[in-house]
Amino acid sequence: MKITEQVWQFAQPIVESLGLTLWDVEYVREGGEWYLRLYLDKEGGVDINDCEAVSRAVDPVLDEKDPIPESYHFEVCSAGLERPLKRPSDFEQFMGSSVLVKLYRPRNGRKELTGTLTGYDGGDVTLTIGGETVTLPKEEIALVRLYVEF
């Protein structure tokens, strides 16, 4: 089982007991260092106190379960307004929202498309862009995230 799946299994009940939702678990190498990150969500937004409470509650369990052999940095953060959508439930939750889709290769000269999320089927994403409907196959999509205009 992957490190992120192991961490998700024991962190999710802890996060939920504190009134938050576990949005994502990420284990990545950046600049020669490993980072384990928990991304949180909560109705009305996540603040620094939420992150601190989750960090304090999960840290001892991480030490006890010891799912990661090498040294790493542990971070707890908000999923953010422009969070990536990964699981089918993410797409269901944000159907009708504005999203940005990044493609591996340009389509009609563009590698990024912004539109309204109007469909999701097995990884294929359907957007409405200015009244036109576009379905993008899963294999062309590098990233889908919420899009907020400021």
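The shown structure was predicted, so the numbers you read here are calculated from the model rather than taken from an experiment.

So, on to the UniProt feature "domain: Ribosome maturation factor RimP N-terminal" (unreviewed entry) in the protein. Within this structure's numbering, the places UniProt gives as "domain: Ribosome maturation factor RimP N-terminal" (unreviewed entry) are residues 11-82. Summarising residues 11-82: 35% helix, 35% strand, and an end-to-end C-alpha distance of 23 Å.

So, about the side chain of T126. Secondary-structure assignment places T126 in strand β6 (residues 124-129). Classification of T126 by relative accessible area gives buried; the value is 16%. Reaching out from T126, the side chain makes a polar contact with the side chain of T135 at a distance of 3.0 Å. Setting aside chain neighbours within four positions, we find T126 in contact with T116, L117, T118, G119, T133, V134 and T135.

This next bit is on helix α2 (residues 48-65). Compared with an ideal rise of 1.5 Å per residue, which puts 18 residues at 26 Å, α2 spans 25 Å between its outermost C-alpha atoms and is within 8% of the ideal. At V58, α2 shows its maximal bend, which comes to roughly 30°, and the proline P60 appears one to four places after that position. Three or more residues of α2 are buried, namely D50, C51, V54, V58, V61 and L62. Sitting at the amino-terminal end of α2 is D47, which places a side-chain oxygen 3.0 Å from the backbone nitrogen of N49. The positive-phi residue at the C-terminal boundary of α2 is D66, with phi of around 45°.

Rules of the game
Residues numbered from 1 in each chain as written. Predicted model: local features only at pLDDT ≥ 70, side-chain atom pairs only at ≥ 80, totals over all residues. Heavy atoms only, no water. UniProt positions renumbered as here; feature names shortened; annotations may be inferred. Helix = DSSP H or I, 4+ residues; strand = E, 2+ residues; numbered from the N terminus. Buried < 20%, exposed > 50% of the residue type's maximum accessible area, 1.4 Å probe, protein only. Polar contact = N/O pair within 3.5 Å; in protein donor to acceptor, adjacent residues only side chain to side chain. Contact = heavy atoms within 4.5 Å. Expected span 1.5 Å × (residues − 1). Bend = angle between axes of the 7 residues up to and from the residue.

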